[in-house]
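Chain and residue survey
Below, each chain spelled out in residue letters.
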Amino acid sequence: QVQLVESGGGLVQAGGSLRLSCVASGRIDSIEVMAWYRQAPGKQRELVAIITRGGNTHYEDSAKGRFTISRDNAKNTVYLQMNSLKPEDTAVYFCNAGTPFGNSWGQGTQVTVSS
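On a predicted model such as this, the values are computed, not experimentally measured, just so you know.

Strand order in the open sheet made by the four strands is β1-β3-β8-β7, with antiparallel pairing throughout. Two strands close off the open sheet at either side, each with one partner strand: β1 (2-7) and β7 (67-72). Taken pair by pair, the neighbouring strands of this sheet meet at an average axis angle of 20°, ignoring direction. In this sheet, strand β3 (residues 18-26) lies alongside β1 in antiparallel orientation, the contact comprising six bridges. Looking at the pairing, leucine 4 lines up with alanine 24 of β3.

Here you go:
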C-alpha cells in the first residue's frame, strides 16, 4: 500500500501562486503514475495533471500553461506549482498514486483563491 500526505494549500489572491506537495510512503516502488485531482464544492472530483514514472506529463485544459507537475524521486515527493491562480481554482486538491494494486489517495489540501 501507498500512503500520501499533501501540504501547501492556503488562501491566495487571484493572480498569485501556490506550490502543493505530496509525500509518498509505503510501497513506493509500485507507483506507476501520480496525479493531482481537485474537487470544488458541489462538483465532482476532476483530474488536474499526471506525471508518470518516466517523467511524462499530462495536463487538463484548465491547468495548461499555468500549472506544472514535477517529482523529486529522492524525496518521494510530487509537486504541483500553480501560477496565475483564479477564483475558479478554489477546491480541495488531492494527490493520487496509481499502482498495479489500485489507487491511493491523500487527505487533500484546501486551496482558496480570492478575487
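That covers the picture; the talk isn't over yet.
Turning our eyes to something else, we now look at the layout of surface pockets. To find leftover empty space, one rolls a probe the size of a water molecule over the atoms. As a volume, the largest pocket reaches approximately 180 Å³. Sorting the residues of the lining of the largest pocket by element identifies β7 and β8 (77-82) as the ones contributing at least two each. Split into classes, the residues belonging to the lining of the largest pocket amount to five nonpolar, three polar and four charged.

What follows concerns the pattern of salt bridges. Counted by the stated rule, this structure contains five salt bridges. One salt bridge in this structure joins arginine 66 and aspartate 89, with 2.7 Å as the shortest N-O distance. Pair noted here: arginine 66 is in the loop between β6 (57-59) and β7 and aspartate 89 is in the loop between β8 and β9 (91-99), with a separation of 23 residues, a long-range link. Given a relative accessible area of 11%, arginine 66 falls into the buried group.

Locating serine 21 in the fold gives a position in strand β3. Residue class for serine 21 comes out buried when judged on its relative accessible area of 13%. Not counting chain neighbours up to four residues away, the residues in contact with serine 21 comprise Val5, Glu6, Ser7, Trp36, Thr77, Val78 and Tyr79.

Turning our eyes to something else, we now look at the state of the cysteines. Going through the model one piece at a time under the given rule, you end up with one disulfide. Cysteine 22 shares a disulfide with cysteine 95; S-S distance 2.1 Å. Taking the sign of the S-S torsion, -85° for the link of cysteine 22 and cysteine 95, the bridge is left-handed. Highlighted residues: cysteine 22 in strand β3 and cysteine 95 in strand β9, separated in sequence by 73 residues.

Once that is clear, we can look at the environment of tyrosine 93. Relative to the assigned elements, tyrosine 93 resides in strand β9. Sequence spacing of tyrosine 93 and serine 114 is 21 residues, and the spatial spacing of their C-alpha atoms is 16 Å. In contact with tyrosine 93, other than residues within four places in its own chain, are Glu6, Leu20, Trp36, Tyr37, Arg38, Val48, Phe67, Leu80, Met82, Gly108, Thr109 and Val111. Within the structure, tyrosine 93 has its side chain in polar contact with the side chain of arginine 38 (distance 3.0 Å). A distance of 2.7 Å separates a polar atom in the side chain of tyrosine 93 from the backbone oxygen of aspartate 89.

Calculation criteria
- Residues numbered from 1 in each chain as written.
- Predicted model: local features only at pLDDT ≥ 70, side-chain atom pairs only at ≥ 80, totals over all residues.
- Heavy atoms only, no water.
- Pairing = 2+ DSSP bridges.
- Helix = DSSP H or I, 4+ residues; strand = E, 2+ residues; numbered from the N terminus.
- Axes fitted to C-alpha atoms, helices over the stretch in contact; angles between N-to-C directions.
- 1 Å grid on protein atoms, 1.4 Å probe; cavity = no way out; pocket = protein on both sides within 12 Å on 5 of 7 lines; lining within 4 Å.
- Points joined across faces, edges and corners; volume = space filled by probe spheres on them.
- Nonpolar A, V, L, I, M, F, W, Y, C, P; charged D, E, K, R; others polar.
- Salt bridge = Lys/Arg side-chain N within 4 Å of Asp/Glu carboxyl O.
- Buried < 20%, exposed > 50% of the residue type's maximum accessible area, 1.4 Å probe, protein only.
- Contact = heavy atoms within 4.5 Å.
- Disulfide = S-S within 2.5 Å.
- Polar contact = N/O pair within 3.5 Å; in protein donor to acceptor, adjacent residues only side chain to side chain.

This is a description of form; function is not addressed.
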